[in-house]
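Structural overview for review
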Amino acid sequence: MTNIIIADDHNMFLEGLISLLRNVPEITVTGKASNGKELLKILEENTADVILLDISMPEMDGVEVTKVIKKNYPELKIIILTTHSNAHIIAKLNRLGVDGYLLKNAEKDELLYAIKKVQSGENYFSKEVAAIHKEYENNLKKNLSSTTELSNREKEILVLIAKQLTAAEIAEKTFISLNTVNTHKRNLLSKLNVKNTAGLVKYAIELGLLD
């Protein structure tokens, strides 16, 4: 028997999922939550084998609650069940150690298969999610080759730019002149072959420099 807790802030989807799983003999839904804080409260009083977890939720989202669960309940299996197919989010949750990742358009049989796989100690990412993540990893490798050309100071400036600090704030934080900050920024634009600050921010995000 597999005990499952579901966390999703869309009540219609949540109840529909509970109804769907209720007809599966080997699965018992032991709890439901509409946000991450509710989920953690439930985990204090209920046992579970697998958590089906949405990402966009109020109070505490799926990414933040995953961090807490993997730290405090490392034996729990987490399957992300979401509409989000953003490559960066997929990569971030993969690094956090989620056991599965499916989109909400998945069929019932695929969901049950994913639950079975993670219960057996394996990971399961849907074909669509796996393809997005593979492309992301390939692009990351290409980008990493570019960052080897950056100095440590340039990498530091890149991170601060991505954190939305102004040039004046960066200068103050790094104890260099404003002109030097602007020079580093021009060099970053050139070396990374991007056109503007937005391109630098995207680059830093793709490399996971903001985690």
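From a predicted model like this one, the values you see are computed outputs, not experimental measurements.

Let us look at unusual backbone geometry. Phi at Q164 is positive, roughly 70°, even though this residue is not glycine. In this fold, Q164 is placed in the loop between α7 (152–162) and α8 (167–174). Q164 gets classed as exposed once you look at its relative accessible area, which sits at 69%. Phi at F175 takes a positive value of approximately 60°, unusual for a residue other than glycine. Among the structural elements, F175 can be located in the loop between α8 and α9 (178–191). A relative accessible area of 76% places F175 in the exposed class.

The full count for this structure, using the stated rule, is 10 salt bridges. A salt bridge links D54 to K104; its shortest N-O distance comes to 3.6 Å. Taken as a pair, D54 in the loop between β3 (50–53) and α3 (62–72) and K104 in the loop between β5 (100–103) and α5 (108–119) lie far apart in primary sequence, 50 residues in all. Classification of D54 as buried rests on a relative accessible area of 4%. A salt bridge links K67 to E64; the nearest nitrogen and oxygen atoms lie 3.4 Å apart. Of this pair, K67 and E64 both sit in helix α3, three residues apart, which is roughly one turn of the helix. Residue classification places K67 among the partly exposed residues on the basis of a relative accessible area of 36%.

The full count for this structure, using the stated rule, is two aromatic pairs. Relative to F125, the ring of Y101 has its centre 6.4 Å away and its plane inclined at 15°; by these criteria the two rings are stacked. Highlighted residues: Y101 in strand β5 and F125 in strand β6 (residues 124–125), separated in sequence by 24 residues. When the ring of Y113 is compared with that of Y124, the centres are 5.5 Å apart and the planes differ by 85°; the resulting orientation is edge-to-face. Placement of the pair is Y113 in helix α5 and Y124 in strand β6, with a sequence separation of 11 residues. On the basis of relative accessibility, which here comes to 42%, the residue Y113 falls in the partly exposed class. The class for Y124 is buried, based on a relative accessible area of 14%.

Reading the values: the criteria
Residues numbered from 1 in each chain as written. Predicted model: local features only at pLDDT ≥ 70, side-chain atom pairs only at ≥ 80, totals over all residues. Heavy atoms only, no water. Helix = DSSP H or I, 4+ residues; strand = E, 2+ residues; numbered from the N terminus. Buried < 20%, exposed > 50% of the residue type's maximum accessible area, 1.4 Å probe, protein only. Salt bridge = Lys/Arg side-chain N within 4 Å of Asp/Glu carboxyl O. Phe/Tyr/Trp six-rings, centres within 6.5 Å; stacked < 30°, edge-to-face > 60°.

By themselves, these observations are geometric and do not establish any function.
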